[in-house]
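Structure at a glance
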Amino acid sequence: MQNQPFYRETWAEINLDAIKQNINAYKNHVPSGVSIMAVVKANGYGHGAVATAETAIQAGASYLAVAILDEALALREEGITAPILVLGWVPPIHAKLAAEQDITLTVFQLEWLEQAEAILSGLSLAIHLKLDTGMGRLGIKEEKEAKLIVEWLRNKPLVNVEGLYTHFATADEPDNSFIEVQRNRFEEMASYLESEGIEPTWIHLGNSAGAIRIPERIGNMIRVGISMYGLSPSQEMKSVQPFNLYPAFSLHSQLVHVKQMKEGEPISYGSTYHTTEGEWIGTVPIGYADGWIRKLRDGYVLVNGEQAPIVGRICMDQFMVRLPHPTTIGTHVTLIGQQGSEEITIDDIAERLETINYEIPCMIGPRVPRIFRDDGEKKGVMNTILKK
Ligand SMILES: *Cc1c(COP(=O)(O)O)cnc(C)c1O
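The rules we used
- For every chain, the first residue of its written sequence is number 1, and the numbers climb from 1 along that sequence.
- Residue-level local features of this predicted model are given only where pLDDT is at least 70; pairs of side-chain atoms are given and counted only at 80 or more, and the full residue set underlies all totals for whole chains, interfaces and linings.
- Calculation of side-chain values draws on the structure's entire complement of heavy atoms; hydrogens and water are dropped beforehand.
- UniProt positions are given in the numbering used here, feature names are shortened, and annotations may be inferred rather than shown by experiment.
- For each residue, the test is whether any non-hydrogen atom lies within 4 Å of the molecule or strand; if one does, the residue is near.
- Within 3.5 Å is the distance limit for a polar contact, defined as a pair of N or O atoms, with the added protein rule that one can donate a hydrogen and the other accept it, and that residues adjacent in sequence qualify only through two side-chain atoms.
- Note that Gly is not counted as nonpolar here; it falls among the polar residues with everything else outside the nonpolar set of Ala, Val, Leu, Ile, Met, Phe, Trp, Tyr, Cys and Pro and the charged set of Asp, Glu, Lys and Arg.
- The way it works is that DSSP assigns letters per residue, a run of H or I at least four long becomes a helix, a run of E at least two long becomes a strand, and they are numbered from the N terminus.
- Relative accessible area decides the class of each residue, using a 1.4 Å probe on protein chains only: under 20% of the type maximum gives buried, over 50% gives exposed, and in between gives partly exposed.
- Here the rule is simple: two strands pair whenever DSSP picks up at least two bridges between them.
- Between N-to-C directions, angles span 0 to 180 degrees; the directions come from axes that are lines fitted to C-alpha atoms, helices contributing only their stretch in contact.
- Whenever a carboxyl oxygen of Asp or Glu lies within 4 Å of a side-chain nitrogen of Lys or Arg, that contact is scored as a salt bridge.
- Buried Ala, Val, Leu, Ile, Met, Phe, Trp, Tyr and Cys residues that are joined via side-chain atoms within 4.5 Å together make up what is termed a nonpolar core.
- As annotated, the domain borders come from an automatic or database domain assignment.
- The contact rule is simple, with two residues in contact once any of their heavy atoms fall within 4.5 Å.

Per an unreviewed UniProt entry, the protein chain carries the name Alanine racemase and comes from Guptibacillus hwajinpoensis. Comment text from UniProt for the protein chain, heading Sequence similarities (unreviewed entry), reads "Belongs to the alanine racemase family." Taken from UniProt, the Catalytic activity (unreviewed entry) comment for the protein chain reads in full: "L-alanine = D-alanine".

Observations regarding the site of the ligand
Close to the ligand lie V39, K41, Y45, L87, R137, H167, N207, S208, R223, G225, I226 and Y358, which account for all nearby residues. Contact distances for the ligand include 2.7 Å between an oxygen atom and a side-chain N or O atom of K41. With respect to the ligand, the backbone of I226 contributes an N or O atom lying 2.8 Å from an oxygen atom. Taken together, the residues of the shell around the ligand break down into five nonpolar, four polar and three charged.

Quick look at the environment of H204
For H204, the position within the fold is in strand β8 (residues 202–204). Given the relative accessible area of 0%, H204 is considered buried. Distance in space between the C-alpha atoms of H204 and G264 is 61 Å, their sequence separation being 60 residues. Within the structure, H204 has its side chain in polar contact with the side chain of H128 (distance 2.9 Å). At a separation of 3.0 Å, a polar atom in the side chain of H204 contacts the side chain of R223.

Considering the UniProt feature "domain: Alanine racemase C-terminal" (unreviewed entry) in the protein chain
UniProt's entry tags residues 248–373 with the feature "domain: Alanine racemase C-terminal" (unreviewed entry), counted in the numbering of this structure. For residues 248–373, the helix share is 10%, the strand share is 39%, and the end-to-end C-alpha distance is 10 Å.

Observations regarding the sheet that holds strand β6 (residues 125–130)
One open sheet holds the eight strands; their spatial order is β8-β7-β6-β5-β4-β3-β2-β9, and the pairing between them is parallel. At either margin of the open sheet sits one strand with a lone partner, and together these are β8 and β9 (221–224). Within the sheet, the average angular offset between the axes of one strand and its neighbour, ignoring direction, is 30°. Examined bridge by bridge, strand β2 (residues 35–39) and β9 share four bridges and lie parallel to one another. Its bridge partner lying in β9, A38 is registered against V224.

Some details on the pattern of salt bridges
Taken as a whole and assessed by the stated rule, the structure comprises 13 salt bridges. Between E187 and R183 there is a salt bridge, with its nearest N and O atoms 3.5 Å apart. Note that E187 and R183 are positioned in helix α8 (residues 177–195) at a spacing of four residues, about one turn of the helix. Given a relative accessible area of 41%, E187 falls into the partly exposed group. Of the charged contacts in the structure, one is a salt bridge between D374 and K379, with a shortest N-O distance of 3.9 Å. Overlapping salt bridges, with partners in common, bring together R8, D290, D317 and R367 in one network.

As for the pairing of strand β17 (residues 319–323)
Judged by how many residues are buried, β17 sits mostly within the fold: four of five residues are covered. Two strands pair when backbone bridges link them, and strand β16 (residues 306–311) and β17 are joined in this way by two bridges, in the antiparallel orientation. Bridge pairing in β17 links V311 to M320.

A few points about the nonpolar core
Side chains of nonpolar character tend, in soluble globular proteins, to be buried together. Of all hydrophobic cores here, the largest spans 120 residues; its most connected members are L75, L251, W292 and F319. Both domains that meet at this core, namely domain 1 (16–230) and domain 2 (249–344), each give it at least three residues. The residues touching W292, leaving out its near neighbours within four places in the chain, are L251, I286, G287, I310, I314, F319, L335, I336 and I349. Counting residues in each nonpolar core, the second largest holds six residues, with Y273, I281, V311 and M320 among its members.

Below is the structure:
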């Protein structure tokens, strides 16, 4: 795990225990024999890819998944040796690099295989074939495409079809019917491939929501992303998931300036807010460049267990809050998380921004260091702007 220094008063805390608990909850939910692929793309959904990958493997995940080759290479650079699947399309000219680094690629095009073979120069490459059963994004869609790929794969011992998978489009919605359509298409194609001698080790259909919904019918591996971080894939899933999830991410800062105002004094760009007589204003050093975007201006933060509303426009690196009481410089500010009986959840922020919870930790940028806690103790820090 990284342990980089940082020198600002704003940070995110990542509770690695929560990640372990969430993985355990999934392990108990799916039949024994179903393995877990921990999805750590997008810097572990903003939680830090290296620390979350290490924690997931420690908690019993068998495989890691990322979106792009660079993310897989970054994990290898940090010494992570677990198998890694790239879920996105990787340019075939990089197949050799993937093979050298023991990185598994997602494949669904005949041309891709032809181009990759030409540069593999004798190295063996592990691939997972992807089927498009209704997501309309990536994958083999028609049996005739599958046929050409099957024929090409014959007598190609260097290309190891280690997995077969698909992705559900509506797993987080209450209606099951399209999941069943996609499952049936998958089954059909999988039996055809099997009849042609393609019998991969790993079959995986479900993301977090799919694994909640039909744990016994989504192959022998589940791809768990959002829920591993303790967030429900949707509001609908919250009510049907038969176990608790524990959010791993919280966001913190400190008051760096506090002052008492006179009647009618302006605050921030555009002077859109004017104080009342005697009001206390605090300055919080995080802004839209950190991902605390201007649209959050109608929100609030927690100070000494109480709500402190954001006042005036959010700036690039700072914003102001109205404090309910005189408060000292250095006082802890919670932007996401709990203080006493008050809590601001990622779901609250997502609702305020009219988006999904997935987007929130992803948008808290690299300028905000991540502090990792395990058993309550500080275990490391990721500060991508300072490195070492
Ligand atoms: C991101 C992703 C996942 C993880 O989905 P969650 O809803 O976060 O569990 C699974 N599979 C694929 C193909 C993905 O791109």
